Amino acid sequence: MSTIKITHVAAGILIQPDGRFLLGSRPAGKPYAGWWEFPGGKLEAGETPLQALCRELQEELGIEVRAAQPWLVQEFTYPHATVRLYFFKVTDWQGEPHPHEGQQFAWQTAGALSVEPVLPANTPILRGLQLPATLAFSNVAEMGEAAWLESLATQLREGMRWLVLREPQLDERDYAALAGKALALVRASGGNLLLHGRPELLRELEADGVHLPARELLKAEARPEGWCGASVHNAAELAQAARLGLDYAVLGSVKPSLSHPGGPVLGWAGFQALVEQGWPFPVYGVGGLTSADLDDARLAGAQGVVMLRAAWQ
Ligand SMILES: Nc1nc2c([nH]c(=O)n2[C@H]2C[C@H](O)[C@@H](COP(=O)(O)OP(=O)(O)OP(=O)(O)O)O2)c(=O)[nH]1
Ligand SMILES: [Mg+2]
């Protein structure tokens, strides 16, 4: 049996405090010359991804990495190689990036790139960079429609941009009617609304995407168009989300929660052990969490937290 040789690569996403990140153009003479990438390169024998990252950013940009967090891991097969890419968020460094290899540099905003083309393996990474630290799930079931819509308007004014409309108690007609009202508010603020399940309503409602509950994730054979994430509880469900090429996963329960009483609780340690396996999408923690948990979430490797009740208070 032949085994595929995998080339391991570390790449750094240098992020400024305002959220802009650095892309570099690949130098002449390399495969995909002129295409845009995150600075980085191949691991040398005996190196960890982090060691390779620090060496490559020194060699290619002349900077010293001060703080880097492992983020996404992506595998991709090019004609020239199958690569496993370890992407890090680099949030602190010493020195100004200089093109030591004749590259061009461009500081970019997620969702509004001014350069192209970017290496094809980076598509999920660029989508992941657009996602927020907190993802809100609706709570009409407890608050009632009028109070929830009022709270939604307030939250949108205060900066909420992503929410999942999860109201399993509503039949399709009532759900569609509520989605129409919520979408009108979300559209006015440039936000994104994902339907919970119900991919068949996506086109008709012109929503931004779908969030799949775990049981629908396991049945799905392809991802719906638009944004798509899923709720997961274990490595098998994370692997299915990766096979489908989803944009994010929501993993829990991290803490005991009122909405799923008596369910299995991972704790941040259990959460971290699963996230550390390395996934091509960001993973949120869910279950009894508020924005006060964001620091713990990041330390455990999370993109951030999903909030149900806490998002509307
Ligand atoms: N650096 C980097 N490589 C990427 C990205 N996305 C992506 O698919 N790749 C692929 C392209 C290459 O096949 C491989 C990186 O190899 P490289 O040619 O940059 O390696 P290197 O810097 O060590 O260069 P060299 O010493 O071999 O010339 O990973 C990315 O964002 N950054
Ligand atoms: Mg390189």
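Remember, it's a predicted structure, so these values are computed and weren't measured experimentally. (Residues numbered from 1 in each chain as written. Chains lettered and ligands numbered in written order. Predicted model: local features only at pLDDT ≥ 70, side-chain atom pairs only at ≥ 80, totals over all residues. Heavy atoms only, no water.)

Attention now moves to the coordination of the magnesium ion (ligand 2). Donor atoms from the polypeptide that coordinate the magnesium ion (ligand 2) comprise Gly 40 (O) and Glu 60 (OE), at 2.1 to 2.3 Å from the metal. Here Gly 40, found in strand β4 (residues 40-42), pairs with Glu 60, found in helix α1 (residues 49-61); they are 20 residues apart in sequence, far enough to count as distant. According to the relative accessible area criterion, Glu 60 is buried, its value standing at 3%. (Donors = N, O, S within 2.8 Å, 3.2 Å for Na, K, Ca; no water. Helix = DSSP H or I, 4+ residues; strand = E, 2+ residues; numbered from the N terminus. Buried < 20%, exposed > 50% of the residue type's maximum accessible area, 1.4 Å probe, protein only.)

Turning our eyes to something else, we now look at the UniProt feature "domain: Nudix hydrolase" (unreviewed entry) in the protein. Under the present numbering, the feature "domain: Nudix hydrolase" (unreviewed entry) in UniProt falls on residues 6-133. Between the end C-alpha atoms of residues 6-133 the distance is 32 Å, and the span holds 15% helix and 39% strand. (UniProt positions renumbered as here; feature names shortened; annotations may be inferred.)

We now examine the site of ligand 1. Among the 19 residues in the neighbourhood of ligand 1, the closest are listed as Phe 38, Lys 42, Tyr 78, His 80 and Asn 122. In this structure, an oxygen atom belonging to ligand 1 sits 3.2 Å away from a main-chain N or O atom of Gly 40. Here an oxygen atom of ligand 1 and a side-chain polar atom of His 80 are 2.8 Å apart. Only β1 (6-14), β4, α1 and β6 (82-94) provide two or more residues apiece to the shell around ligand 1. (Near = heavy atom within 4 Å. Polar contact = N/O pair within 3.5 Å; in protein donor to acceptor, adjacent residues only side chain to side chain.)

Turning our eyes to something else, we now look at the pairing of strand β9 (residues 162-165). Residues in a regular strand point their side chains to alternate faces of the sheet. Of the two faces of β9, the one lined by Trp 162 and Val 164 and the one lined by Leu 163 and Leu 165 are each fully buried. Bridge analysis of strand β8 (residues 134-137) against β9 gives two bridges, and the strand direction is parallel. When the bridges of β9 are listed, Ala 136 appears paired with Leu 163. Handedness of the β-α-β unit built from β9, helix α5 (residues 172-188) and strand β10 (residues 192-196) comes out right-handed. (Pairing = 2+ DSSP bridges. Right-handed = clockwise from strand over helix to strand, strands pointing away.)

Further remarks concern the sheet that holds strand β7 (residues 105-108). Spatial strand order, β3-β2-β7: three strands in an open sheet with antiparallel pairing. Since the sheet does not close on itself, it has two edges, and those belong to β3 (36-37) and β7, each with one partner. Examined bridge by bridge, strand β2 (residues 21-25) and β3 share two bridges and lie antiparallel to one another. For Gly 24, the partnering residue across the bridge sits in β3 and is Glu 37.

On to the UniProt feature "binding site: 8-oxo-dGTP" (unreviewed entry) in the protein, then. UniProt annotation of "binding site: 8-oxo-dGTP" (unreviewed entry) refers to Arg 26, Glu 37, Phe 38, Pro 39, Gly 40 and Asn 122 when read in the numbering used here. For the residues just named, distributed over 97 residues, the greatest C-alpha separation is only 13.6 Å, placing them together at one site. Within the fold, Glu 37 resides in strand β3. On the basis of relative accessible area, Glu 37 is assigned to the buried category, the value being 10%. The contacts of Glu 37, once residues within four sequence positions are left out, are Leu 22, Leu 23, Gly 24, Arg 26, Glu 60, Leu 119 and Asn 122. Those residues within four positions of Gly 40 in sequence are excluded, and the remaining contacts are Ala 10, Ala 11, Glu 56, Leu 57 and Glu 60. (Contact = heavy atoms within 4.5 Å.)

Taken together, Asp 171, Glu 172, Glu 200 and Glu 204 make up a surface patch of like negative charges. With respect to the element layout, Asp 171 can be found in the loop between β9 and α5. With relative accessibility at 45%, the residue Asp 171 sits in the partly exposed group. (Patch = residues over 30% accessible without salt bridge, like charges linked within 9 Å, V, L, I, M, F, W, Y side chains within 5 Å. Areas by Shrake-Rupley, 256 points an atom, 1.4 Å probe, with all protein chains shown as cover. Salt bridge = Lys/Arg side-chain N within 4 Å of Asp/Glu carboxyl O. Lys, Arg positive; Asp, Glu negative; His and termini not counted. Charge placed at Lys NZ, Arg CZ, Asp CG, Glu CD.)

Looking now at unusual backbone geometry. In this model, Glu 116 is joined to Pro 117 through a cis peptide bond whose omega is -10°. Looking at where Pro 117 falls in the secondary structure, it is placed in the loop between β7 and α2 (123-128). Ser 253 follows Gly 252 through a cis peptide bond whose omega is 5°. Summarising the element assignment, Ser 253 is placed in the loop between β13 (248-252) and α9 (267-275). The phi angle at Glu 206 is positive, at roughly 55°, despite the residue not being glycine. Here Glu 206 lies in the loop between α6 (202-205) and β11 (209-212).

Now for the confidence of the model for the protein. Confidence in the prediction of the protein, expressed as mean pLDDT, is 96, and 99% of residues score 70 or more. Note on the complex model: pTM 0.95, ipTM 0.96. (pLDDT = per-residue confidence, 0-100.)

This part takes up the pattern of salt bridges. On inspection of all chains with the given rule, the structure shows 16 salt bridges. Salt-bridge contacts for Arg 55 lead to Glu 47; the nearest nitrogen and oxygen are separated by 2.6 Å. Arg 55 gets classed as buried once you look at its relative accessible area, which sits at 17%. Taken together, the salt bridges that share partners define one network made up of Glu 44, Glu 47, Arg 55, Glu 56 and Glu 59.

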